Amino acid sequence: MKPIAWHRVWAVVLRHLYNFYHSWDRIVDAFYWPSLDIIIWGLTISALTKQGQGAIIQISMVVSGIILWYVLWRGQYEITVNLLEELWSENLGNLFSSPLTLPEWTIALCALGFLKLILTIAFTALVAYFLYAVNIFHLGFALIPFIVGLLIMGWGFGLFIAGLFLRFGTNIQTLAWAGGFALMPFSATYYPLDSLPNWVQAVAHFLPSSYIFEGMRSVLLTGSFQTDMMIKSYLLNAVFLMLALAFFIRSFRLARINGLAHLK
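Calculation notes
Residues numbered from 1 in each chain as written. Predicted model: local features only at pLDDT ≥ 70, side-chain atom pairs only at ≥ 80, totals over all residues. Heavy atoms only, no water. Helix = DSSP H or I, 4+ residues; strand = E, 2+ residues; numbered from the N terminus. Expected span 1.5 Å × (residues − 1). Buried < 20%, exposed > 50% of the residue type's maximum accessible area, 1.4 Å probe, protein only. Contact = heavy atoms within 4.5 Å. Core = buried A, V, L, I, M, F, W, Y, C linked by side-chain atoms within 4.5 Å. Salt bridge = Lys/Arg side-chain N within 4 Å of Asp/Glu carboxyl O. pLDDT = per-residue confidence, 0-100. Polar contact = N/O pair within 3.5 Å; in protein donor to acceptor, adjacent residues only side chain to side chain. Axes fitted to C-alpha atoms, helices over the stretch in contact; angles between N-to-C directions. Parallel < 35°, antiparallel > 145°, perpendicular 65-115°, else oblique. Left-handed = near helix turned anticlockwise from the far one by under 90°. Nonpolar A, V, L, I, M, F, W, Y, C, P; charged D, E, K, R; others polar.

If you had to explain helix α6 (residues 143-168) to someone new, which residues and values would you point to?
Helical periodicity: at 3.6 residues per turn, an α-helix aligns residues three or four positions apart in one direction. The terminal C-alpha atoms of α6, which comprises 26 residues, lie 37 Å apart, in line with the 38 Å expected from a rise of 1.5 Å per residue. Counting buried positions along α6 yields 19 of 26 residues, so the element is predominantly enclosed. Looking at the residues trailing α6, positive phi occurs at Gly-169, about 75°.

Written as C-alpha cells, this is what we have:
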C-alpha cells in the first residue's frame, strides 16, 4: 500500500470546501434543517409541558438528541453526497486517473465530515441554548465519546451506501439523504429504548447509536455515564466499520474493472 500523500488529501478537502461555500443546497443541509428540527421539536415539547403533559427535562433530551443525531448524519452525508457529486459530473474516472488513491480520497471525505460537523454542532448548540436554554455541553466529558461513536457509525454507514452507489449507480441516489434517517426509529433518538415495541428493541440492540442515545439520557437524567453501553457501542462500531470498508473497497474494485468513467 502506498503511503498517504496528505497534500492530495487536503486538495480533495479544499475542493469540496469551495463547493460548500458556493452551494446554497449544502449550506441549507448544514444549518437550516438541523435548526428547523430543533425549533419544531422544541416548540412541540414546550407546548406539551405547558399543558401538563411533558417536562422541562424532555426538551433537553429531545434537543440534545437532535444535535447528536446530526453527528451521525453528517458523517454519512459527506461520503455519499460527495461521491454522487463525482457521479453526476462524470468526474470519477478523471479523479482516479490522477495519482489520488482510494484511501486518500476516503480519508479526505471523512475529514470533511468532521470539519463540517464542528460547524453544524456549534450552530445548532447556539440555537438550542438561545431558544430553549438547552446547553449540550452539560453532558460534560461524555459528549466526546458520544460524538466520536456517532461519527464513526456515520462513516461506516456512508461507506456502505457509497459501495451500493458504485454497484448500482445513481438509480438509488435517494439513499444519500434518506438512508441515514431509516436508522433513526431504531436508534431511540428521541425516546427511551424500552418504550419501543419488542421487535424494534431487538433491532436496536445491534445498532451502536441506540447505546449512545440511551447513554445520553442516562447522563441527563441521573448524571451517570454508562461505560458498558459505550463499550458495546464501540465494539459494534468496529465490526460495522470493518464490514462497510471491505464492502466499499470490493465495490470500488468491481466498478474500476467495469470502467469508472461509465458509472452513472
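How would you sum up the side chain of Ser-64? Please name residues and give values.
With respect to the secondary-structure elements, Ser-64 resides in helix α3 (residues 56-88). Those residues in contact with Ser-64, other than ones at most four positions away along the chain, are Val-134, Ile-136, Met-216 and Leu-220.

Residue-level account of the nonpolar core, with values.
Counting residues in hydrophobic clusters, the biggest one holds 75 residues, and the most contacted among them are Leu-68, Trp-105, Leu-139 and Phe-146. Here this core takes 18 residues from α3, the largest share from any one element. If near-sequence neighbours (up to four positions away) are discounted, Phe-146 is found in contact with Leu-68, Leu-139, Ile-212, Gly-215, Met-216, Val-219, Phe-225 and Met-230.

Give me the lowdown on the pattern of salt bridges, citing residues and values where you can.
Counted by the stated rule, this structure contains 5 salt bridges. A salt bridge links Glu-78 to Lys-116, with the nearest nitrogen and oxygen atoms 3.3 Å apart. With a gap of 38 residues between them, Glu-78 in helix α3 and Lys-116 in helix α5 (residues 102-132) connect regions that are remote in the sequence. Residue Glu-78 is classed as buried on the basis of its relative accessible area, which comes to 0%. On the basis of relative accessibility, which here comes to 2%, the residue Lys-116 falls in the buried class. Between Glu-214 and Arg-217 there is a salt bridge, with the nearest N and O atoms lying 2.8 Å from each other. In this pair, Glu-214 and Arg-217 are both assigned in helix α9 (residues 208-222), 3 residues apart and thus about one turn of the helix distant. You'll find Glu-214 and Arg-217 in the same group, each marked buried. What emerges from the salt-bridge pattern is a single network uniting Arg-74, Glu-78 and Lys-116.

Account for the confidence of the model for the protein chain, naming residues and giving values.
When pLDDT is averaged across the protein chain, the result is 84; 94% of the residues are at 70 or more. Within the protein chain, the lowest mean pLDDT, 75, falls on helix α2 (residues 24-50), and the highest, 92, falls on α6.

Mind laying out the side chain of Glu-78, listing which residues take part and the relevant values?
Engagement of the side chain of Glu-78 in a polar contact is seen with the side chain of Arg-74, the distance being 2.5 Å. Leaving out residues up to four positions away in the same chain, Glu-78 has contacts with Leu-109, Leu-112, Gly-113 and Lys-116.

Could you give an account of the packing of α5 against α6, naming the residues involved and the relevant values?
As a packed pair, α5 and α6 sit with axes 11 Å apart at the nearest point and diverge in direction by 135°. In terms of orientation, α5 and α6 fall into the oblique class. Between α5 and α6 the crossing geometry is right-handed. Taking contact as the criterion, the partners of Thr-106, Cys-110, Phe-114, Leu-117 and Ile-121 in α5 are, on α6, Ile-147, Leu-151, Trp-155 and Leu-159. Per-class residue counts for the contact of α5 with α6 are 8 nonpolar, 1 polar and no charged.

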